[in-house]
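Chains, contacts and geometry: an overview
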Amino acid sequence: MKKGKSLHALIILMFTQFISGGVTNTKGIVLDQVENDLGLDMSQFGLVVLIFQLGFTLASVIIGYYTDKKGLRTMTIIGSIIMGLGFLGTGLAPNIMFFLGFYMIVGFGLGALGVASNAIVPAAYPEKQNQMFNLAMGVYGLGMVIFPQVLNFLFQFASWRYFYLGIAVSLVAVIIYITSVAFPSGKAEKVDLKAFIPMLKDAQFVFLMVFLVFQVSAEVSFTNFFPVYLKSLDLGGMATAEKEDLVAAILSIFSVFFMVGRLAAAYITKWVNERVILISFSAGALLMVGISFLVAESFPYLFAGAGLFFSALFPTATAFGTQMSKTSGSALGLIYIAAGIGGGIAGYIVGLASEIFGMAGGFSIVLVFLALMLLMTFFMNSSKSSQQHA
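Let us look at the structure shown here. In this text the structure is predicted, and so the values were computed from the model without any measurement.

So, on to helix H7 (residues 160–180). In this model H7 runs 31 Å from its N-terminal to its C-terminal C-alpha over 21 residues, within 8% of the 30 Å that 1.5 Å per residue would give. At the N-terminal boundary of H7, the capping side chain belongs to Ser 159, with an oxygen 3.0 Å from the backbone nitrogen of Arg 161.

Okay, here's the thing in structure tokens:
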């Protein structure tokens, strides 16, 4: 492949990963602002998270099929258009109903771009896939680190609407760029619905899916509801503006740990069994978040350490699933479905619980998700998979 095509593909991949990481890690910060602007209560807050995850999951499963049929350039453009329209709509939304509708489109667009950008790597860098995927993870993490600080600065003088409208404008530039340069042709991993049957009959794959439901539930609950939870604490009489600075700082540090952990996990798996990683990192996440709850008002920065333990769980679980299955594309389809279910129900449950029991009561459900996630790791053993012996 010509170097020009590879370079253009790399630029698009890095930009989409940067935006994706930033948007994913700042949903809670933005929704906190939306709560004040549009009168969002905590049950609606949870519904917004559910709507976003539903859109993301639908895209993850559907867009792979069309990327295979229509090509990489077309689907990257379509994903950018969908995401841009979603951000434009949410940025201009006059009420909660419009916001909810367009936020689902944002989720769908983000999922679509994720599938398309993941297909870019094997198409543009077939000999350097591992390095490029690790680089993409690093840029994704960089977005997670930088965006909370940018938003915290922006909100001192501008509305959250300008943030979403700004992303919509940047995606117009992406579309213009993609249509005007040479671009590699590539295909996404195929999803074969028939392959779902043997996987769903395999107890090990079912354990994996249940693990992912709880893992994504815990991660989504943490990143989305942490800003509102922390602002509900006394914290020595801190003013609201000081708490917002603190939230941005903790989320950025969390993201640094997350980025480092992701990059390290890619190498740890060469020497350590995936099951051992899942058990140890699940236990670490539960302990870290549990201890952080106990010292939340005196040392809230400890919550940031959870990023290190969350970081390795999803990619390691994904590798666990795809290695068991003979059809990795279909395995990824089921993995995305389990992740979407987890992220969706978590948002709704934590939002509803926060409305009933207060923010501390709602946010503490993260510990329940983490405990159930750890429990599932003890049942997971790929050597016992029926697909390994099929």
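As a further point, take unusual backbone geometry. Positive phi is not limited to glycine here, since Leu 235 has a value of about 50°. As for its placement among the helices and strands, Leu 235 is situated in the loop between helix H9 (203–232) and helix H10 (240–268). With a relative accessible area of 7%, Leu 235 lands in the buried category.

Relative to the assigned elements, Thr 316 resides in helix H13 (residues 313–324). Dropping the residues within four chain positions of it, Thr 316 is found in contact with Glu 274, Ile 277 and Leu 278.

On the surface, Ile 81, Leu 85, Leu 88, Leu 92 and Ile 105 cluster together into a nonpolar patch covering about 420 Å² of accessible area. When you line up the elements, Leu 88 lands in helix H4 (residues 72–92).

Once that is clear, we can look at the packing of H9 against H13. It is at 11 Å that the axes of H9 and H13 come closest, and there the two elements cross at 160°. Classified by the angle their axes make, H9 and H13 are roughly antiparallel. You can see that H9 and H13 cross each other, and the crossing is left-handed. For the pair H9 and H13, the contacting residues are Gln 204, Phe 205, Leu 208, Phe 211, Leu 212, Gln 215 and Val 216 in the first and Leu 313, Phe 314, Ala 317, Phe 320, Gly 321 and Met 324 in the second.

Taken as a whole and judged by the stated rule, the model has three salt bridges. Of the charged contacts in the structure, one is a salt bridge between Arg 161 and Asp 37, with a shortest N-O distance of 3.4 Å. With Arg 161 in helix H7 and Asp 37 in helix H2 (residues 27–38), this residue pair connects regions lying 124 residues apart in the sequence. Lys 231 is paired through a salt bridge with Glu 244; the nearest N and O atoms lie 3.1 Å apart. One end of the pair, Lys 231, is in helix H9; the other, Glu 244, is in helix H10, with 13 residues separating them in the sequence. A single network of salt bridges, built from pairs that share partners, joins Asp 32, Lys 231 and Glu 244.

Once that is clear, we can look at the packing of H4 against H7. Two elements in contact, H4 and H7, have axes separated by 8 Å at closest approach and are oriented at 160°. Classified by the angle between their axes, H4 and H7 sit roughly antiparallel to one another. Helix-helix and strand crossings are classified by hand; for H4 and H7 the assignment is left-handed. Contacts between H4 and H7 involve Arg 73, Thr 76, Ile 77, Ser 80, Ile 81, Met 83, Gly 84, Phe 87, Leu 88, Thr 90, Gly 91 and Leu 92 on the former and, on the latter, Trp 160, Arg 161, Tyr 164, Leu 165, Ile 167, Ala 168, Leu 171, Val 174, Ile 175, Ile 178 and Thr 179. Considered class by class, the residues forming the contact of H4 with H7 number 15 nonpolar, six polar and two charged.

With that settled, consider the environment of Tyr 103. Along the chain, Tyr 103 turns up in helix H5 (residues 96–124). Separated by ten residues in the primary sequence, Tyr 103 and Ala 93 place their C-alpha atoms 9.9 Å from one another. With residues near it in sequence (within four places) discarded, Tyr 103 still touches Lys 27, Val 48, Ile 51, Phe 52, Thr 90 and Tyr 164.

What follows deals with the environment of Ser 60. Structurally, the position occupied by Ser 60 is in helix H3 (residues 42–70). Here Ser 60 falls in the buried class, since its relative accessible area comes to 6%. The spacing of Ser 60 and Val 115 is 55 residues in sequence and 6.1 Å in space, taken between C-alpha atoms.

Rules of the game
Residues numbered from 1 in each chain as written. Predicted model: local features only at pLDDT ≥ 70, side-chain atom pairs only at ≥ 80, totals over all residues. Heavy atoms only, no water. Helix = DSSP H or I, 4+ residues; strand = E, 2+ residues; numbered from the N terminus. Expected span 1.5 Å × (residues − 1). Polar contact = N/O pair within 3.5 Å; in protein donor to acceptor, adjacent residues only side chain to side chain. Buried < 20%, exposed > 50% of the residue type's maximum accessible area, 1.4 Å probe, protein only. Contact = heavy atoms within 4.5 Å. Patch = residues over 30% accessible without salt bridge, like charges linked within 9 Å, V, L, I, M, F, W, Y side chains within 5 Å. Areas by Shrake-Rupley, 256 points an atom, 1.4 Å probe, with all protein chains shown as cover. Salt bridge = Lys/Arg side-chain N within 4 Å of Asp/Glu carboxyl O. Axes fitted to C-alpha atoms, helices over the stretch in contact; angles between N-to-C directions. Parallel < 35°, antiparallel > 145°, perpendicular 65-115°, else oblique. Left-handed = near helix turned anticlockwise from the far one by under 90°. Nonpolar A, V, L, I, M, F, W, Y, C, P; charged D, E, K, R; others polar.

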